[in-house]
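# A look at the structure
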Amino acid sequence: QVQVVESGGGVVQAGGSLRLSCEASELTFSRTTMAWFRQAPGKEREFVASITSNAGTTSYADAVKGRFTISRDNATVYLQMISLKPEDTGVYYCAATDKRLEPWDFFSNDKYNYWGQGTQVTVSS
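Residues numbered from 1 in each chain as written. Predicted model: local features only at pLDDT ≥ 70, side-chain atom pairs only at ≥ 80, totals over all residues. Heavy atoms only, no water.

### Points about the overall build of the chain
Helix and strand counts for the chain come out as zero helices and 11 strands. In the chain, the succession of helices and strands from N to C terminus is β-β-β-β-β-β-β-β-β-β-β. Taking 125 residues into account, the globule formula puts the C-alpha radius of gyration at 14 Å, and the chain, at 13 Å, falls close to it. Its C-alpha atoms give the chain principal-axis dimensions of roughly 40 × 25 × 25 Å. (Helix = DSSP H or I, 4+ residues; strand = E, 2+ residues; numbered from the N terminus. Rg over C-alpha atoms; globule rule 2.2 N^0.38 Å.)

Here you go:
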């Protein structure tokens, strides 16, 4: 049974940094695309970043470009976040899929079939 587990959330002041980690067990990582989404209170879940398995192609939401970096090391995916802003506050979810995605699919949460429980990130002003 596939399990996706996030860690690394916490409370940080604006301008600070955090690194999130995600492990997805029982998946063949050579055929897995993984992503981070986030959900702020009262808002819909939104795409943050994704990384493919083959070329390690990365994609980012405009709101985080230049501040967040997604990377992977075998079974673990990381999200390094710097220059955090209060608007980055939310629950961050790791998602994975072993299905083949087109580039325009990376941003859609319904294309990912495995999800973690989420980790809270709070950025204080």
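### With respect to the side chain of S21
Here S21 lies in strand β3 (residues 18–25). Setting aside chain neighbours within four positions, we find S21 in contact with V5, E6, S7, W36, T76, V77 and Y78. (Contact = heavy atoms within 4.5 Å.)

### Quick look at the state of the cysteines
Per the stated rule, a full pass over the model turns up one disulfide. Residue pairing for C22: its cysteine sulfur links by disulfide to C94, the two sulfurs lying 2.0 Å apart. On the sign convention where negative is left-handed, the bridge of C22 and C94, at about -80° about the S-S bond, is left-handed. Linking C22 in strand β3 with C94 in strand β9 (residues 90–97), this pair joins segments that are 72 residues apart in sequence. Both residues of the pair, C22 and C94, count as buried. (Disulfide = S-S within 2.5 Å. Buried < 20%, exposed > 50% of the residue type's maximum accessible area, 1.4 Å probe, protein only.)

### Some words on unusual backbone geometry
If you check the backbone angles, S83 has positive phi at about 50° while not being a glycine. With respect to the helices, strands and loops of the structure, S83 is situated in the loop between β8 (76–81) and β9.

### Some thoughts on the pairing of strand β7 (residues 68–73)
As defined by bridge partners, β7 adjoins β8 across six bridges and the pair is classed as antiparallel. Opposite I70, over in β8, you have L79 as the bridge partner. In sequence, β7 turns back onto β8 through a hairpin of two residues, with N74 there showing a positive phi of about 55°. (Pairing = 2+ DSSP bridges.)

### Details of the pattern of salt bridges
Under the criterion given, the structure shown has five salt bridges. In this structure, D88 and R38 form a salt bridge, with 2.9 Å as the shortest nitrogen-oxygen distance. With D88 in the loop between β8 and β9 and R38 in strand β4 (residues 33–39), this pair connects stretches of sequence that are 50 residues apart. For R67, the salt bridge identified is with D88, shortest N-O distance 2.7 Å. Of the two residues, R67 is situated in the loop between β6 (58–60) and β7 and D88 in the loop between β8 and β9; the sequence distance between them amounts to 21 residues. (Salt bridge = Lys/Arg side-chain N within 4 Å of Asp/Glu carboxyl O.)

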